[in-house]
Structures are given as C-alpha cells and as structure tokens.
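One letter stands for each residue in the lines below.
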Amino acid sequence: MAATALHGVNWQKSRHSNSQGSCVEFARPDDPRPYHVYLAWFGPGLVKVGITGVERGSARLLEQGAVTFSWLGRGPLMASRRAEELLRAALRVPDRIPYADKREVRGVLSGTGAGGVERVAEIAELHARAGLLDGWPESLERMPFEPVDHTDVFGLTGLPPAEGVVSELAAGCAVSGELLAAAGPDLHLATGRGVVVLDTRLMPGWELTSAGGDDRPAFPVRESRRAASGVQDGLF
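Just so you know, these numbers come straight off a predicted model, no measurement behind them. (Residues numbered from 1 in each chain as written. Predicted model: local features only at pLDDT ≥ 70, side-chain atom pairs only at ≥ 80, totals over all residues. Heavy atoms only, no water.)

1. What about the pairing of strand β8 (residues 178-183)?
Here is the rule we go by: Pairs of strands are assigned from DSSP output, requiring at least two bridges between the strands. The helix and strand labels rest on DSSP assignments: H or I over at least four residues marks a helix, E over at least two residues marks a strand, and numbering proceeds from the N terminus.
Bridge count for β8 against strand β9 (residues 186-191) is five bridges, and the pairing is antiparallel. Residue pairing for β9: glutamate 178 is matched across the bridge by alanine 190.

So, in structure tokens, the structure goes:
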C-alpha cells in the first residue's frame, strides 16, 4: 500500500511503550500470569533471548521486528527471568539488540527459501544447546523448537537496502513515499532519494496526512551506515 493512500490516520503511543516510545513489558515480581521465554533472530549473528506474557502471543516479537523466532519455555515470571539470565550467560546472546543494527541487515535478507533455512538453522542450533543446559528452573515448562517466520508479514522479501533513516521530525517538513515494508516500529519507504526508514516512535503527537502534491522540504535524513561506508552490493 502506498503511504499516500492512508487517509485520516492518527498515530497513538502503545500502552506497552515507555516515555521514549520503546516497547517494554512491565510486571510485578508476584505477577501470577504465565510467561514465554523465546529466541528471536533479526539477522546473521543477531539473536536475542527474551520473555513475554503468554496472553500476548507473538505480539512482542512483531513489535521488535523479529524476522524468525521460537519459544523455549513457559512458566511463572521469576522462573522465566532466571531462564533468560541463564541463557544470556551460557549461550552468549543478549536480551536486546539496537534497532540500528536490525535496520542495517533487513535490506540484505533473503526470502523464505535458502535464506530462511539458514536463519532457522541458526536459532535451531541455539535452541538445542539451550535444551542441554543444567540449571533450568523446575517450574519452567520446556517447549519444542517450532520456528515462526515473519518475512512475509513484514514484507521483507526483495526489500532494497535503506539509504537513510529519518533522524527527526520538524515543523514545516514532510516525508512521503511508497510503503515497502513495516517491521517493528520501522516503515521502509521508497522515496525520490531511495529507500528511507521512518521510525514511528518519533511520531506520537504528529498527524499522518496525504502528501499528494506536497512541496514542503523533507525531514532530516541520516545516511545509513551501509551507504555512508560506500559498500556496494556484489554484481552476482
């Protein structure tokens, strides 16, 4: 869908985000709700471990822009947190990955073919190693490896690398283009200067309107690290 085809849309900050717009999950230590422990893949070598409320399903993974993920376990909050810490230390995977790193790899990801097999294999290997660890909380139910791929959901197949990222929103400026992909908070737009990423966490309080015939100056755009380094894709 073209971004200019979205009429009468107002952006609202998620109730699952903090004051900076970052998605977080708040929970009390005595929270009785069950939680999932998961492994999420964002690009080659970009795998993280995390937890999310079972009642939310895969919403947390979609919010983060996880390309592929699998559940590891399910249980009480404190058991899930202990498992998360165990996996961070034993598997040497973080519990968060900067959005800038996620953006850099999206434009070079393959679809659900050979590339899909490779990313599934990467988290499958970590899932298997996790299953062999000692120290799992007894109250945490282990779950089988069942990968879920969001490539088509986000529209990443064939997505060109981003040339830049909107660095800030400013009065009297605009950005418009065709919406190519939406992953986590990021909108990848085809503009006159190439693909530009708009982080929707910048948008609370701003109105989304039609940009047809709009001649206002563009919002400031920061070059992507790939573009700034002058990296050229291979010819074959």
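Further notes follow.
2. Details of the confidence of the model for the protein
What counts is decided by this rule: Per-residue confidence from the predictor is given as pLDDT, running between 0 and 100. Contacts are residue-level and defined by heavy atoms, with any inter-residue pair within 4.5 Å sufficient.
Looking at the protein as a whole, the pLDDT averages 81, with 77% of positions reaching at least 70. Between the elements of the protein, mean pLDDT differs from a low of 48, seen in strand β1 (residues 9-10), to a high of 97, seen in strand β4 (residues 68-75). Contacts from residues 9-24, a stretch scored under 50 in pLDDT, to residues over four places away or in other chains number 24 contacts. Taken together, the stretch residues 230-236 has pLDDT below 50 and engages in three contacts with residues farther than four places along the chain or on a different chain.

3. Points about empty space enclosed by the protein
Selection criterion: A pocket, in this scheme, is an open set of points on a 1 Å grid over the protein atoms alone with protein on both sides within 12 Å along at least 5 of 7 lines, while a cavity is a set where a 1.4 Å probe fits but cannot get out; residues line either one if an atom lies within 4 Å of a point. Grid points are joined across faces, edges and corners, and a volume is the space filled by probe spheres set on the points.
The final tally for this structure, using the stated rule, is one cavity of 30 Å³ or more. Within this model, the largest cavity holds a volume of roughly 90 Å³. Contributing to the lining of the largest cavity are eleven residues, with Arg103, Glu104, Pro161, Ala162 and Ser224 lying nearest its centre. Per element, the largest residue contribution to the lining of the largest cavity is three residues, and it comes from helix α3 (residues 99-106).

4. Some remarks on the nonpolar core
For the record, the criterion: We call a set of buried residues a nonpolar core when its members are Ala, Val, Leu, Ile, Met, Phe, Trp, Tyr or Cys and they connect through side-chain atoms within 4.5 Å of each other. Exposure is judged per residue with a 1.4 Å probe applied to protein chains only, and the accessible area is read against the type maximum: over 50% gives exposed, under 20% gives buried, and values in between give partly exposed.
Counting 27 residues, the largest nonpolar core has Val37, Leu72, Leu87, Trp136 and Leu156 as its most contacted members. Element by element, the count of residues in this core is highest for helix α2 (residues 77-91), at five residues. Excluding its chain neighbours within four sequence positions, the residues that come into contact with valine 37 are Val49, Gly50, Ile51, Trp71, Leu72, Gly73, Ser80, Ala83, Leu87 and Leu140.

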